[in-house]
Amino acid sequence: MLQLELTYAQEDPAHDPEIEAINAEAFGPGRFTRAAYRIREGGAHDRALSFVALQGGIVVGSVRMTHVVIGTTPALLLGPLAVRPEWKNRGIGRALMRMAMDAARLAGHRLVVLVGDAPYYEPFGFSKVEPGQISMPAPVDPNRMLACELVPQALENVSGVMRHAARAWTAFLK
Ligand SMILES: CC(C)(COP(=O)(O)OP(=O)(O)OC[C@H]1O[C@@H](n2cnc3c(N)ncnc32)[C@H](O)[C@@H]1OP(=O)(O)O)[C@@H](O)C(=O)NCCC(=O)NCCS
């Protein structure tokens, strides 16, 4: 069988339909009610910090980053991260994580948060946030609310409601 090379790229608008299909497959219709989704629907994600895995030009994995504000502190919300079922367990998820985190660090961001399974994300520097420190627009299992400080103490004194950055700044200007 012909094995086409696996490559990685910064996300492009042309990838959108395939990424939507991957997320629909991975998370199902329930994704629309998830807390993180509800924040993300407040505006665009940052394509400069979002990446795809491609096999022969077809998207087989995706990770996105969205600018958010927690209380008054800017941060990045990582996700969704998803890999097509037939491509799982080949290191694609980890490679996408490394690319997104490196890009965030290089761009000078201080804090990345996500809702996900701690055992998968801990190796990238994520750990559980104190219950109640960050509020989401829908209930979140506190064991799944994770943060990674890209600079030391970036999470210290951060608290409040997480909103999409576009929504937060509009609210502040009112
Ligand atoms: C999670 C996901 C992105 C991982 O992608 P992947 O390319 O298969 O991951 P990798 O190949 O880099 O890593 C595989 C390892 O992660 C582990 N892993 C996968 N999902 C995990 C999870 N939810 N929690 C803990 N470990 C997990 C695998 O067991 C495997 O472990 P091993 O290396 O010890 O055998 C993929 O399984 C997926 O799309 N899942 C559905 C969507 C999802 O749950 N997204 C993340 C939200 S938490």
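So, here's what we can say about the structure. Computed from a predicted model, the values in this text were never measured in an experiment.

### A short note on the site of the ligand
Alright, step 1. Near the ligand there are 16 residues, and of these Val83, Asn89, Gly91, Gly93 and Asp117 occur at the shortest range.
Alright, step 2. A distance of 2.8 Å separates an oxygen atom of the ligand from a polar backbone atom of Val83.
Alright, step 3. Note that an oxygen atom of the ligand is positioned 3.2 Å from one of the side-chain N or O atoms of Tyr120.
Alright, step 4. Considering the ligand on its own, with 870 Å² of exposed area, one finds that the protein chains cover 68% of that surface.
Alright, step 5. Every element with two or more residues in the shell around the ligand is listed here: helix H1 (16-27), strand S4 (73-83), helix H3 (92-106) and helix H4 (118-121).

### Regarding the pairing of strand S8 (residues 145-149)
Alright, step 1. Burial of S8 is extensive: four of the five residues sit out of reach of the surface.
Alright, step 2. As paired strands, strand S5 (residues 111-115) and S8 are joined by five bridges and run antiparallel to one another. When the sheet's bridge partners are listed, Val115 is paired in S8 with Met145.
Alright, step 3. As defined by bridge partners, strand S6 (residues 127-128) adjoins S8 across two bridges and the pair is classed as antiparallel. The residue of S8 that forms the bridge with Lys128 is Leu146.

### Notes on unusual backbone geometry
Alright, step 1. For the peptide bond that leads from Gly79 to Pro80, omega is -5°, which places it in the cis range.
Alright, step 2. Position of Pro80 among the secondary structure elements: in strand S4.
Alright, step 3. One non-glycine residue, Asn89, lies in the positive phi region at around 65°.
Alright, step 4. Within the secondary structure layout, Asn89 lies in the loop between S4 and H3.

Reading the values: the criteria
- Residues numbered from 1 in each chain as written.
- Predicted model: local features only at pLDDT ≥ 70, side-chain atom pairs only at ≥ 80, totals over all residues.
- Heavy atoms only, no water.
- Near = heavy atom within 4 Å.
- Polar contact = N/O pair within 3.5 Å; in protein donor to acceptor, adjacent residues only side chain to side chain.
- Areas by Shrake-Rupley, 256 points an atom, 1.4 Å probe, with all protein chains shown as cover.
- Helix = DSSP H or I, 4+ residues; strand = E, 2+ residues; numbered from the N terminus.
- Buried < 20%, exposed > 50% of the residue type's maximum accessible area, 1.4 Å probe, protein only.
- Pairing = 2+ DSSP bridges.

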